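Observations on chain architecture
What follows is each chain in one-letter form.
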Amino acid sequence: MGLLKGLLRARNLLLVVFVPLVLLPLPMLYPSSEAACAYVLIVTAVYWVSEAVPLGAAALVPAFLYPFFGVLRSSEVAAEYFKNTTLLLVGVICVAAAVEKWNLHKRIALRMVIMAGAKPGMLLLCFMCCTTLLSMWLSNTSTTAMVMPIVEAVLQELVSAEEEQLVAGNSSAEEAEPISTEKPLVLTPGPRNRDLNRKYKSQHDQMICKCLSLSISYAATIGGLTTIIGTSTSLIFLEHFNNQYPAAEVVNFGTWFLFSFPISLIMLVVSWFWMHWLFLGCNFKETCSLSKKKKTKREELSEKRIQEEYEKLGAISYPEMVTGFFFILMTVLWFTREPGFVPGWDSFFEKKGYRTDATVSVFLGFLLFLIPAKKPCFGKKNNGENQQPSLGTEPIITWKDFQKTMPWEIVILVGGGYALASGSKSSGLSTWIGHQMLSLSSLPPWAVTLLACILVSIVTEFVSNPATITIFLPILCSLSETLHINPLYTLIPVTMCISFAVMLPVGNPPNAIVFSYGHCQIKDMVKAGLVVNVIGLVIVMVAINTWGISLFHLDTYPAWAKVSNITDQA
């Protein structure tokens, strides 16, 4: 028994050691580039799926195994680990760090809650809209971590306001005072906040807590779909697509947004209806009323507390205004670089194709390190503020702020995916895989895409999203080329469906964060998440077969895919 426990504790080490040894006959018995590349791909995939080592560490496996087996030179592998999307991510993280540092996200969230009021239905819609908006520009994990403490504070007020009202009416002022002044507003997320969260006054309160908590995770996922920089999966897709098809100037920030924004909007509305029906019932008139006459005492108390929390932020500060301006400016420059229907600002330059979305984000991110966080006072006296000259020299963000926010593990993980894809292409493995899938040629293109979407939707519930897309992208590219389907017809829906890992706490970090607050159980997540997953799959399939066809010209097999196929065979 003791030996078994020891083996279980050492299972990660055993996986790391024995998986490469067990698979070693593959390149030894079949000494070819394809077999060697397949060996590296399988070993890396097993490490990713099992998480025997950190994802970023597993992504380094191609960096030393490819040169060992002669698949790629060391310098060629190293070049795959830092690409254009890495610079794009660096610039975006600079803005995200400024947003977090100066609490701009908190101001936006509380302002929207004040506008919505304390009616459960409107509160649900408000938090979902707010989370979706933030998740368009920040990572899903960061957005969930930012919004959940605010949600928890609101839930705490909703659940406790009725008790406070009774205490205030039946007790002396001295007894009631600690409840109104000393009660903490924000709970620290932890795996066992269970004792406090189980003290619901009614089943209705419990349903509200479950509904609002789960909706944050779903809204973060929906928001991440909307922009090409919203999730790591879309960034991995973009860089892989640009590497695989360098002649295809089809996918950029603008075209992705035009395709995905209607999807996100429809998903947001339908998911709101589903969550409301599941947890709050069908009485939309009562839960969504904006009339002040219909507000209960507890709702009025909750709104008062939220208003007090917002007032603590004070007037909007100079760093918040600068951050908000850069946030909007970055979005506008991304949209107007190559809008497609009219010439963008990139056409003003003599040399075309030199500037990308990364150029904009890095430039604006660089400026945030230079602009002082203190509003300049030209010729004005600061009434003693000049006694602290360091305040005037501190920039909007420092390098430490950037380092705290920058997801370096994702950067290495993305680089490992590029390295695997490059090795698969140069060794001929991707072409071989494509030929093995000729049996699917009898199926219509929409059926091939649907099967791929269903497959990745299942796999991604148990495997991390970046690992899933990194494994499937080279396979789907080969499949599309072999069947003469526009690669985007398969790649875009699959990229989106990989984000729908919403049924289990292990599916993605936002799920784990929400689950840690203790309001919902796994069965709640499975019941609600399964329908959200199906909703997303249906909407994505409808989108790719309607406006996606005209936007990306999916009804033809493009010349840039033919060129790539010829290059692979050569």
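Attention here is on the structure that accompanies the text. Here the structure is a predicted model, which is why all the values come from computation and not from measurement. (Residues numbered from 1 in each chain as written. Predicted model: local features only at pLDDT ≥ 70, side-chain atom pairs only at ≥ 80, totals over all residues. Heavy atoms only, no water.)

**Describing the packing of aromatic side chains**
To keep it simple, the criterion reads: Stacked, edge-to-face and tilted are the three classes for Phe, Tyr and Trp ring pairs, Trp counted by its six-membered ring, which pair at centre distances within 6.5 Å; planes under 30 degrees apart are stacked, over 60 edge-to-face, the rest tilted. Secondary structure elements follow DSSP: runs of H or I no shorter than four residues count as helices, runs of E no shorter than two count as strands, and numbering proceeds from the N terminus. Each residue is assigned to one of three classes by its accessible area relative to the maximum for its type, calculated with a 1.4 Å probe on protein chains only: buried under 20%, partly exposed between the two thresholds, exposed over 50%. Remark: a charge is flagged as sitting over a ring if the NZ atom of Lys or the CZ atom of Arg is within 6 Å of the ring centre and within 35 degrees of the ring normal.
Inspection of every chain in the model, using the stated rule, returns 19 aromatic pairs. Taking the centre distance of 6.3 Å and the plane angle of 70° together, the rings of Phe369 and Phe402 count as edge-to-face. Pair noted here: Phe369 is in the loop between α20 (357-368) and α21 (389-393) and Phe402 is in helix α22 (residues 399-405), with a separation of 33 residues, a long-range link. Classification of Phe402 by relative accessible area gives buried; the value is 2%. An aromatic cluster of at least three residues, connected via ring pairs, comprises Phe237, Phe241, Tyr245, Trp256 and Trp560. Sitting over the ring of Phe349, Arg355 keeps its end group 4.1 Å from the ring centre.

**Focus: the environment of Trp137**
The criterion, for reference: In this analysis, two residues are considered to be in contact whenever any of their non-hydrogen atoms come within 4.5 Å of each other.
Here Trp137 lies in the loop between α10 (120-135) and α11 (140-170). Note on Trp137: relative accessible area 12%, which makes it buried. Residues Trp137 and Thr231, spaced 94 residues apart in sequence, show a C-alpha to C-alpha distance of 8.9 Å. Residue contacts for Trp137: discarding those within four places in its chain leaves Val92, Thr227, Ile229, Phe253, Phe327, Thr331 and Trp334.

**Let's talk about helix α23 (residues 408-427)**
Note the cut-off: A helix is expected to span 1.5 Å multiplied by its residue count minus one.
End to end, α23 covers 29 Å across 20 residues, agreeing with the expected 28 Å (1.5 Å per residue, within 8%). The positive-phi residue at the C-terminal boundary of α23 is Gly428, with phi of around 90°.

**Side note on the side chain of Thr231**
So the rule is basically this: N or O atoms within 3.5 Å of each other form a polar contact, as long as, within protein, one can give a hydrogen and the other can take it, and as long as residues adjacent in sequence are counted only when both atoms are side-chain atoms.
Counting through the fold element by element, Thr231 comes out in the loop between α14 (203-226) and α15 (232-244). Of note is the side chain of Thr231, whose polar atom sits 2.9 Å from the side chain of Thr233. Apart from the residues within four sequence positions on either side, Thr231 is in contact with Asn140, Gly224 and Ser499.

**Focus: the pattern of salt bridges**
Selection rule: The working definition used for a salt bridge is a side-chain nitrogen of Lys or Arg within 4 Å of a carboxyl oxygen of Asp or Glu.
All told, the structure shown has four salt bridges when counted by the stated rule. Notably, a salt bridge pairs Glu320 with Arg107, separated by 2.7 Å at the nearest N-O pair. Taken together, the residues Glu320 in helix α19 (residues 318-337) and Arg107 in helix α9 (residues 104-116) connect sequence positions 213 residues apart. The pair formed by Glu320 and Arg107 is uniform in burial state, with each residue classed as buried. One continuous salt-bridge network, built from bridges that share partners, spans Lys101, Glu394 and Asp401.

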